[in-house]
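A structural walkthrough
Chain by chain, the residues run as shown.
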Amino acid sequence: MNPEQVELKDAEPREAEAAAAPVPADTDATEADVSEADLDQEEQEKLPMTGGGGGGEDPAENATSTGEEAEKNGAVKLKIPEDEEEIKYNGLSKEELLRVAGTPGWVWTRWALLVVFWLGWLGMLAGAVLIILRAPQCKDLPAISWWNKGPLYQIGSVQAFTGGRNLKALEQKVSSLAELKVKGVIVGPIHVAPADDAVSLRFEEISPEVGTPGQFKDFIRAAHRKSLSVVLDLTPNYQGSSGPWFSNVSITNVAERLKSALVFWLKEGVDGVQLSAVDQVAALVPSLWTDIRAIIQNGTEKKVLIGVTDQDNAEEVSALLSDTGVDLLVSRVLRRHPPDATEHAQTIQLLHLSHNQTALAWSLGGRDGGHLASLVGPDLVRLYQLLLLTLPGTPIINYGDEIGLMDEGTTFPMMLWDLESNGTLQERAERLSCRQFFSGQSELRGKERSLLFGDFFLLHNSSSSLAYLRVWDQSKRYVAAFNWAEEAAVLRLSSKLLPQQAVVAASTNSSLLALDATVNLKRLQLGPKQAALLRFPYTG
């Protein structure tokens, strides 16, 4: 053996000892090193263990191999016993359950739960019945006709309303009329009626300058599609100066001819008729007037008969309303100059107490009486709009009153349709604002029961201010307050029906009284020529 072999042989035991010797831990090792070592150990555990001392193998080789495997594995392979067989729980059998359920304890428990359940159910039933019995009963809604559900819009001159055109142009304006939230349109008169000439009167013919029968039918159909009813004014002598029914000598003949004309136009689809000077015809030819009423009011469909009178005395108007039997009577009871709030209050009270509000109609101008802005002044137009739309009864608005149209020398001025180009910037803005105010209050009146058919209670009146309450059952309540004076006013409203405060629902001057603002009803401040509508909830 040469020295190199001896040196190599001596080195092998030293290497084995070095491999078997423990390696000191590195105190500077990081957590990453430790984790890596753990992962290596897991991999090593997956390798097979080698046994020592197999038959015929060299012990030295076995020692070397054992040392190498120990260096690779570093762990002992263990045999893990298999999991024990899972124990299944089958519960109690049917027989066992029946034996347990029949024990006294369970029997009494079931009976106790059953009794508690039924006692609770009966208690809830009794509570529900008690709530229903103690709850306030809702009032039955009153029977109203279509003309009580919103304003009626008077078009006394088709040519003036359409800008010199005819019934075809009127049909094209139906959508604009529907935007105002009105319920009906009073048209005409449009029949052939030469001034003061009873012989040439033709109730069933349409004046050529107004249009044709076909155009009128188209207008009626278009209006009905927009849920607008059409009332035809059949006042006989509407262009003459000898009176609406010509002279007393001719009134019998004219009234007799009117009867057949009524049958004709009702078949054409109109929803009612308006007649002026009903006090005259009812007094002079009462039997014919009874026939006229029967033709209009006794049909299978609800048709309205509107009478017009020049009377401005509340007592006379009340008597005439009873004597004529019309569905609505247009008068001039609110037409006072200068306006007197005390007189307004007395008039409203008298008519409201004497008649069902479904028979009351409120208007200032009428067909040929002039427009609102000319009668009361431009600065009071919205005040009167609010007054007409909140009184108990049916408001009748003259065409153009929604924008403050002035008469300008004639009671049939041309309607202004292009509101964005006519007049100064301020005038255009005022007309648009006025129209929006009218349509908003008209819509509100149609939706709120207190305004539609609610009770009326006078709260306050003086020579220049007025306030009243509209109430229906459990609906929202409304207070309408008005100040006609040139200076501000403070209204001290007090009633057991009123709360301390209310919210502004509408105001003719929002800079003085803003919408949705809360106001003190015991000290309600209104600006000069201002009106406001206030709401408060039902509280039981």
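Up top you'll find the structure we're talking about.
Let me begin by describing the structure that accompanies this report. (Residues numbered from 1 in each chain as written. Predicted model: local features only at pLDDT ≥ 70, side-chain atom pairs only at ≥ 80, totals over all residues. Heavy atoms only, no water.)

1. Some details on the packing of aromatic side chains
Two numbers describe a pair of aromatic rings. These are the distance of the centres and the angle of the planes. Under the counting rule described, the total for this entry stands at 14 aromatic pairs. Ring geometry for Trp-118 against Trp-121: centres 5.8 Å apart, planes inclined by 75°, an arrangement best described as edge-to-face. In this pair, Trp-118 and Trp-121 are both assigned in helix H5 (residues 104–134), three residues apart and thus about one turn of the helix distant. You can call Trp-118 partly exposed: its relative accessible area is 44%. Here Trp-121 falls in the partly exposed class, since its relative accessible area comes to 39%. Both rings, one in Phe-456 and one in Tyr-468, keep their centres 5.0 Å apart while their planes meet at 40°; by these two values the pair is tilted. In this pair, Phe-456 sits in strand S11 (residues 455–461) while Tyr-468 sits in strand S12 (residues 465–471), placing the two residues 12 residues apart along the sequence. When its relative accessible area of 6% is taken as the criterion, Phe-456 is described as buried. Each member of the aromatic cluster is reached from another via a ring pair, and the members are Tyr-384, Phe-456, Tyr-468, Phe-482 and Trp-484. The lysine or arginine in question, Lys-173, covers the ring of Trp-417, its NZ or CZ lying 4.1 Å from the ring centre. (Phe/Tyr/Trp six-rings, centres within 6.5 Å; stacked < 30°, edge-to-face > 60°. Helix = DSSP H or I, 4+ residues; strand = E, 2+ residues; numbered from the N terminus. Buried < 20%, exposed > 50% of the residue type's maximum accessible area, 1.4 Å probe, protein only. Lys NZ or Arg CZ within 6 Å of the ring centre and 35° of its normal.)

2. Section: the sheet that holds strand S18 (residues 531–536)
On the basis of which strands lie adjacent, the open sheet formed by six strands has the order S11-S12-S13-S18-S15-S16 and antiparallel pairing. Bordering the open sheet on either side are S11 and strand S16 (518–520), each of which pairs with just one other strand. Pairs of neighbouring strands in the sheet enclose a mean axial angle of 30°, with direction left out of account. Pairing of strand S15 (residues 501–507) with S18 involves four bridges; the strand directions are antiparallel. Its bridge partner being in S18, Ala-506 is matched across the sheet by Leu-533. Sitting on the sheet, helix H14 (residues 341–354) is in contact with S11 and S12, with an inclination near 160° to S11. Each of S12, strand S13 (477–483) and S18 is contacted by helix H16 (residues 381–390), which is oriented at about 145° to S13, the strand it contacts most. (Pairing = 2+ DSSP bridges. Axes fitted to C-alpha atoms, helices over the stretch in contact; angles between N-to-C directions. Contact = heavy atoms within 4.5 Å.)

3. Some points on the layout of surface pockets
Considering only enclosed or pocket space, the largest pocket measures out at about 480 Å³ in volume. Mapped by element, the contributors of at least two residues to the lining of the largest pocket are H16 and helix H17 (425–447). In terms of residue count, the dominant contributor to the lining of the largest pocket is H17 (five residues). Tallied by class, residues from the lining of the largest pocket come to 12 nonpolar, five polar and seven charged. Within this model, the second largest pocket holds a volume of roughly 410 Å³. Along the wall of the second largest pocket there are 26 residues; nearest its centre are Pro-244, Ser-276, Val-308, Asp-310 and Asp-368. (1 Å grid on protein atoms, 1.4 Å probe; cavity = no way out; pocket = protein on both sides within 12 Å on 5 of 7 lines; lining within 4 Å. Points joined across faces, edges and corners; volume = space filled by probe spheres on them. Nonpolar A, V, L, I, M, F, W, Y, C, P; charged D, E, K, R; others polar.)

4. Focus: the pairing of strand S1 (residues 152–155)
Here is the key point about a regular strand: its side chains alternate between the two faces of the sheet. In S1, alternate side chains face the same way, and those of Leu-152 and Gln-154 on one face and Tyr-153 and Ile-155 on the other are all buried. Sheet topology places S1 next to strand S10 (residues 394–398); three bridges connect them, and they run parallel. Residue pairing in the sheet places Gln-154 in a bridge with Asn-398 of S10. Here four bridges tie S1 to strand S2 (residues 184–187), and the two strands are oriented parallel to one another. What sits directly across from Tyr-153, in S2, is Val-185.

5. Points about the side chain of Gln-154
Examined against the element boundaries, Gln-154 turns out to sit in strand S1. Since its relative accessible area comes to 3%, Gln-154 is described here as buried. Within the structure, Gln-154 has its side chain in polar contact with the side chain of Gln-274 (distance 3.4 Å). (Polar contact = N/O pair within 3.5 Å; in protein donor to acceptor, adjacent residues only side chain to side chain.)

6. Side note on helix H13 (residues 314–324)
Those residues of H13 not exposed but buried are Ala-314, Val-317, Ser-318, Leu-320, Leu-321 and Thr-324. The buried residues of H13 all sit within an arc of 165° when viewed along its axis, so they share a single face. Turned more than 90 degrees away from the buried face of H13 sit Glu-315, Ser-322 and Asp-323, all of them exposed. Of the residues flanking the start of H13, the one acting as N-cap is Asn-313, its side-chain oxygen 3.0 Å from the backbone nitrogen of Glu-315. (Arc of directions from axis to C-beta.)

7. Some details on the side chain of Ser-439
Within the fold, Ser-439 resides in helix H17. In contact with Ser-439, not counting residues within four places along its chain, are Glu-179, Leu-180 and Lys-181.

8. Considering the sheet that holds strand S6 (residues 272–276)
Strand order in this open sheet of eight strands is S8-S7-S6-S5-S2-S1-S10-S9, and the pairing throughout is parallel. Strands at the two margins of the open sheet, each flanked by one partner only, are strand S8 (328–330) and strand S9 (361–362). Strands in contact with helix H12 (residues 286–297) are S6 and strand S7 (304–308); relative to S7, the strand with the most contacts, it is inclined by about 140°.

9. Focus on empty space enclosed by the protein
According to the stated counting rule, one finds four cavities of 30 Å³ or more in the structure shown. Of the volumes computed, that of the largest cavity is approximately 80 Å³. Forming the walls of the largest cavity are 15 residues, and the residues nearest its centre are Ser-363, Gly-365, Ile-396, Asn-398 and Asp-401. Breaking the lining of the largest cavity down by element, the ones donating at least two residues are helix H15 (372–376) and S10. If you tally residues by element for the lining of the largest cavity, the top one is S10, at three residues. When grouped by side-chain class, the residues that make up the lining of the largest cavity number six nonpolar, seven polar and two charged.

10. Notes on the pairing of S6
Most of S6 sits out of view: five of its five residues are buried. Of the two faces of S6, the one lined by Gly-272, Gln-274 and Ser-276 and the one lined by Val-273 and Leu-275 are each fully buried. Across three bridges, strand S5 (residues 229–233) lies against S6 in parallel orientation. For Asp-233, the partnering residue across the bridge sits in S6 and is Gln-274. The parallel pair S5 and S6, bridged by helix H10 (residues 251–267), forms a crossover whose chirality is right-handed. Sheet analysis places S6 next to S7, joined by five bridges and oriented parallel. Across the sheet, the residue bridging to Val-273 is Leu-305, located in S7. (Right-handed = clockwise from strand over helix to strand, strands pointing away.)

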